[in-house]
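An overview of the molecular structure
One letter stands for each residue in the lines below.
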Amino acid sequence: MERGNCLYLVVPCYNEQEVLPETSKRLCEKMNNLMAQGKIAKNSKILFVNDGSKDKTWEMIERLHEENPIFQGLKLSRNRGHQNALLGGLMTAKNYADMVISLDADLQDDIDAIDQFVEKYHAGCEIVYGVRSARKTDTFFKKFTAEGFYKLLNLMGAEIVFNHADYRLMSRRALDEMEQYKEVNLFLRGIVPMLGFQTDVVLYERHERLAGESKYPLKKMLALAIDGITSLSIKPIRMIVLLGMLIFVCSIAMLAYSLVQHFLGNTSIGWTSLIVSIWAIGGLQLLAIGVIGEYIGKIYLETKARPKYIIEKELR
Ligand code: UDP
Ligand code: MG
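Our subject in this report is the structure included herewith. (Residues numbered from 1 in each chain as written. Chains lettered and ligands numbered in written order. Predicted model: local features only at pLDDT ≥ 70, side-chain atom pairs only at ≥ 80, totals over all residues. Heavy atoms only, no water.)

**As for the state of the cysteines**
Throughout this description, disulfide means a covalent bond between two cysteine sulfur atoms. The full count for this structure, using the stated rule, is 0 disulfides. There is no disulfide at Cys 13, and the cysteine sulfur nearest it, in Cys 28, is 15 Å away. Classification of Cys 13 as buried rests on a relative accessible area of 0%. (Disulfide = S-S within 2.5 Å. Buried < 20%, exposed > 50% of the residue type's maximum accessible area, 1.4 Å probe, protein only.)

Structure (structure tokens):
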């Protein structure tokens, strides 16, 4: 089945005035190249999403749009963070495009991978993940924290693609389905794999930022990690239940131990009852909190009203 090939690039921008001139130039070249080769439609566009920047970013986007209609702009009412800016861009782009690629404004992600993204789309993929093959230019700290981030998320029960950030292609089909995920705390990297469909991976090398500095300091990364874990899984609540059970079992062992000590006469009066109750009550409390948490977790997942399944194809 032949699918349309109108491509939209979605680029969230937060205070990116230093990189925009270079980024827009390179992306425009790339798009013209692809158009000349007939790989994408002539009406393909580059959509910059201004995430409430405090600098000249929006003015620059407006100017770019006037100079060349390949550049489109979307302005959020205020800074809502990378994930929300990206989502706003994706949901806007899907109204016009057949496939959408999201990428950062600093072009750390190799734009030559776009050719492969498009090829895989034509080979039938609905989602193509860009995966970093190496992090040569990242500092040790960034590499360590970023890779720790993926491991922690996986450990906590969030299924995400290792070393894949938000550089990916999604077809209109996949985006339409993603719109069904009504949750407010949207963690895209966790939701996209939930969609299923035919997917593939493109490896690329991550470069250094073109200019300016990272808008993802440790604080924002931590917030993203916590959001990722808590919006995808209730595993942390399960861990409280387990801990409570463990302590409760310990308290029974302690009961036996203290009774033995008590009858051997090795204890002062009151110690036995005190120590047993401390352990038992502590364990029971944690267990109880965990059980309540389980229910809150269920309510929490219910309120998200996620679709339970997505039908990919129907044979009739
Ligand atoms: N960004 C955004 N809103 C924010 C923070 C970042 O739209 O509140 C954008 C930013 O402009 C960039 C992308 O998210 O296009 C990734 O940010 P950055 O390159 O600073 O992150 P890093 O690569 O250092 O992890
Ligand atoms: Mg970056």
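What follows picks up the thread again.
**Re the site of ligand 1**
Close to ligand 1 lie 19 residues; Glu 16, Asp 51, Gln 108, Ser 214 and Lys 215 are nearest. Glu 16 is positioned with one of its side-chain polar atoms (N or O) 2.6 Å from an oxygen atom of ligand 1. Here Arg 206 contributes a side-chain N or O atom positioned 2.9 Å from an oxygen atom of ligand 1. Considered on its own, ligand 1 offers 530 Å² of accessible surface; in the complex 95% of this is hidden by protein. In this structure, ligand 1 is accommodated by the largest pocket. Grouping the amino acids of the shell around ligand 1 by side-chain chemistry returns 5 nonpolar, 5 polar and 9 charged. (Near = heavy atom within 4 Å. Polar contact = N/O pair within 3.5 Å; in protein donor to acceptor, adjacent residues only side chain to side chain. Areas by Shrake-Rupley, 256 points an atom, 1.4 Å probe, with all protein chains shown as cover. 1 Å grid on protein atoms, 1.4 Å probe; cavity = no way out; pocket = protein on both sides within 12 Å on 5 of 7 lines; lining within 4 Å. Sits in = over half its atoms within 2 Å of the grid points. Nonpolar A, V, L, I, M, F, W, Y, C, P; charged D, E, K, R; others polar.)

**Section: helix 2 (residues 57-67)**
Buried within helix 2 we find Thr 57, Trp 58, Met 60, Ile 61 and Leu 64. One side of helix 2 carries all its buried residues, which in axial view fall inside an arc of 160°. Helix 2 presents Glu 66 and Glu 67 as exposed residues on the side facing more than 90 degrees away from its buried surface. In the core, the buried residues of helix 2 are packed alongside strand 1 (7-13), helix 1 (20-36), strand 2 (45-50) and strand 3 (71-75). (Helix = DSSP H or I, 4+ residues; strand = E, 2+ residues; numbered from the N terminus. Arc of directions from axis to C-beta. Contact = heavy atoms within 4.5 Å.)

**Observations concerning the pairing of strand 4 (residues 99-102)**
The alternating pattern of strand 4 places Met 99 and Ile 101 on one face and Val 100 and Ser 102 on the opposite face, and all of these are buried. Examined bridge by bridge, strand 4 and strand 6 (residues 168-171) share 4 bridges and lie antiparallel to one another. When the bridges of strand 6 are listed, Val 100 appears paired with Met 170. (Pairing = 2+ DSSP bridges.)

**A few points about the nonpolar core**
Counting 40 residues, the largest nonpolar core has Val 10, Leu 90, Val 100, Met 170, Met 178 and Leu 195 as its most contacted members. Put simply, the parts of the chain that give this core at least two residues each are strand 1, strand 2, helix 3 (82-93), strand 5 (127-134), helix 5 (140-155), helix 6 (172-178), helix 7 (188-195) and helix 8 (218-232). The element that contributes the greatest number of residues to this core is helix 3, accounting for 5 residues. Filtering out sequence-adjacent residues up to four positions away, Val 10 remains in contact with Leu 47, Val 49, Leu 86, Gly 89, Leu 90, Ala 93, Val 100, Ile 101, Ser 102 and Leu 103. In terms of nonpolar packing, the next biggest core, distinct from the first, is built from 37 residues, Leu 27, Ile 46, Met 99 and Phe 117 among them. (Core = buried A, V, L, I, M, F, W, Y, C linked by side-chain atoms within 4.5 Å.)

**Observations concerning the coordination of the magnesium ion (ligand 2)**
Protein ligation of the magnesium ion (ligand 2) involves Asp 106 (OD) and Gln 108 (OE1), the donor distances falling in the range 1.9 Å. We classify Asp 106 as buried; its relative accessible area is 3%. (Donors = N, O, S within 2.8 Å, 3.2 Å for Na, K, Ca; no water.)

**A look at the packing of aromatic side chains**
This model, assessed by the stated rule, comprises 7 aromatic pairs. Ring centres 5.9 Å apart and planes at 25° place the aromatic pair Phe 48 and Phe 71 in the stacked group. With Phe 48 in strand 2 and Phe 71 in strand 3, this residue pair connects regions lying 23 residues apart in the sequence. Residue classification places Phe 48 among the buried positions, given a relative accessible area of 0%. (Phe/Tyr/Trp six-rings, centres within 6.5 Å; stacked < 30°, edge-to-face > 60°.)

**Some words on the environment of Phe 197**
Looking at where Phe 197 falls in the secondary structure, it is placed in the loop between helix 7 and strand 7 (199-205). On a C-alpha basis, the gap between Phe 197 and Arg 173 in space is 9.7 Å, while along the polypeptide they are 24 residues apart.

**Section: the sheet that holds strand 7**
What the 7 strands build is an open sheet, ordered 3-2-1-4-6-5-7; its pairing is mixed. Unpaired on one side and paired on the other, strand 3 and strand 7 mark the two borders of the sheet. On average, adjacent strands in this sheet sit at an angle of 20° to one another, irrespective of strand direction. Pairing analysis gives 7 bridges linking strand 5 to strand 7, with the strands arranged parallel. Counterpart to Val 131 in the pairing with strand 7 is Leu 203. Contacts from helix 7 reach strand 5 and strand 6, with the element oriented near 45° to strand 6. (Axes fitted to C-alpha atoms, helices over the stretch in contact; angles between N-to-C directions.)

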